[in-house]
Amino acid sequence: MRSIEQLFTRKGTFIFALYLSSIDRLRSSGQAESMHGTQIRPARPDDEERIRRFLTGLSLHTQTLRFFTGITTPATGLVRKLIAVDERRDALVATIDGDEIVGHAMSYKGDCADVEIAVVVTDQWQGFGLGPRLIQTLLLRAAVRGARTVGMDVMGENRRVLRLIRRLWPEAEMKVTSGSVEVTAMIDQAALFAEQGSGATPLTV
């Protein structure tokens, strides 16, 4: 079984801080993005209990696709790492009714790419475009900080995400290793910032 650190990165070498950087605060509460009744915003320290409920509400299948293992009782360390935001890490949540978390996305400085990302959406909200919107917002924020390449570690059986990757990054490099697919791709900054200019991705830093 993978360690908690290995749930986030293949080598498990990153240091996870627990404070919220002011650079990632929303400029106004009205800037959160709405999509099918949801809002996307940076994770906050007070999201701990909401993230815990979110994790336990995921099906075993979804938990395994995201964390490569099931999570019966989320450990406090895991929950806190999912909401940690600092100069090396970013985390977003998608909420409904301003409270319940239905999606989570995170990025962290990587080895084979400038940033590595991981995204999960609750079972009931999969297929509505929330995952791609979380990825887009996450990568925009990473690009603002200078990231040029993105990496992902995806289970080989996660066909939904692999299809999404092929659609978003047709030139992505994919390497199959022990049942997982290591993905490396270029971040299309022009497309991201064009989308930002349309008003669709307001969570800039």
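To be clear, the structure that these remarks concern was listed above.
Every value quoted in this text rests on a predicted model; they were computed, and no experiment measured them. (Residues numbered from 1 in each chain as written. Predicted model: local features only at pLDDT ≥ 70, side-chain atom pairs only at ≥ 80, totals over all residues. Heavy atoms only, no water.)

Chemist: Could you clarify how one ought to interpret helix 5 (residues 159–168) in this entry?
Modeler: Each α-helix turn comprises 3.6 residues. Residues three or four places apart therefore point the same way. For helix 5, every residue scored as buried is listed here: Leu162, Leu164 and Ile165. Projected down its long axis, helix 5 shows its buried positions confined to an angular sector of 160°, all on one face. More than 90 degrees from the buried face of helix 5, the exposed residues found are Arg159, Arg163 and Arg167. Packed against the buried residues of helix 5 are helix 4 (130–144), strand 6 (149–155), strand 7 (173–177) and strand 8 (180–186). (Buried < 20%, exposed > 50% of the residue type's maximum accessible area, 1.4 Å probe, protein only. Helix = DSSP H or I, 4+ residues; strand = E, 2+ residues; numbered from the N terminus. Arc of directions from axis to C-beta. Contact = heavy atoms within 4.5 Å.)

Chemist: What exactly am I supposed to notice about a positive patch on the surface here?
Modeler: Together, Arg159, Arg160, Arg163 and Arg166 line one region of the surface with positive charge. Residue placement: Arg159 occurs in helix 5. Looking at Arg159, the relative accessible area reads 58%, which means it is exposed. (Patch = residues over 30% accessible without salt bridge, like charges linked within 9 Å, V, L, I, M, F, W, Y side chains within 5 Å. Areas by Shrake-Rupley, 256 points an atom, 1.4 Å probe, with all protein chains shown as cover. Salt bridge = Lys/Arg side-chain N within 4 Å of Asp/Glu carboxyl O. Lys, Arg positive; Asp, Glu negative; His and termini not counted. Charge placed at Lys NZ, Arg CZ, Asp CG, Glu CD.)

Chemist: For this particular structure, what's the right way to read the pairing of strand 8?
Modeler: For a regular strand, the rule is simple: side chains alternate between the two faces of the sheet. The element strand 8 is extensively covered by neighbouring structure, given that 5 of its 7 residues are classed as buried. Note that strand 7 and strand 8 share 5 bridges and pair antiparallel. The partner of Met174 across the bridge, within strand 8, is Val183. Hairpin connection of strand 7 to strand 8: 2 residues between the antiparallel strands, including Ser178 at a positive phi of 50°. (Pairing = 2+ DSSP bridges.)

Chemist: Explain the nonpolar core here, please?
Modeler: If you look at soluble globular proteins, the nonpolar side chains tend to sit buried side by side. In this structure, Leu130, Leu134, Val150, Met152, Ile165 and Trp169 are the most contacted members of the largest nonpolar core, which totals 30 residues. By residue number, the principal contributor to this core is helix 4, which donates 7 residues. Beyond its immediate chain neighbours, meaning those up to four positions away, Trp169 contacts Ile135, Leu139, Val150, Met152, Ala185 and Met186. In this structure, Ile51, Leu78, Val85 and Val93 belong to the second largest nonpolar core, which totals 19 residues. (Core = buried A, V, L, I, M, F, W, Y, C linked by side-chain atoms within 4.5 Å.)

Chemist: Could you clarify how one ought to interpret the pattern of salt bridges in this entry?
Modeler: Any two side chains of opposite charge can pair if their charged atoms end up close together. One pass over the structure, following the stated rule, counts 11 salt bridges. With its nearest N and O atoms 2.9 Å apart, the salt bridge here joins Arg50 to Asp47. For the pair Arg50 and Asp47, one class covers both residues: buried. You can call Arg50 buried: its relative accessible area is 15%. Among the charged side chains, a salt-bridge network with shared partners connects Arg41, Arg44, Asp46, Asp47, Arg50, Arg53 and Asp99.

Chemist: How should I be thinking about the packing of aromatic side chains in this particular structure?
Modeler: Applying the stated rule across the entire model yields 1 aromatic pair. The aromatic ring of Phe67 is capped on one face by Arg66, whose charged end is 4.4 Å from the ring centroid. (Phe/Tyr/Trp six-rings, centres within 6.5 Å; stacked < 30°, edge-to-face > 60°. Lys NZ or Arg CZ within 6 Å of the ring centre and 35° of its normal.)

Chemist: Sorry, what's going on with the environment of Glu49 here?
Modeler: Within the secondary structure, Glu49 is located in helix 1 (residues 48–57). Remark: the alpha-carbon pair of Glu49 and Val79, spanning 30 residues in sequence, is separated by 8.4 Å.

Interpretation note: all reported values are geometric properties and have no functional meaning in isolation.
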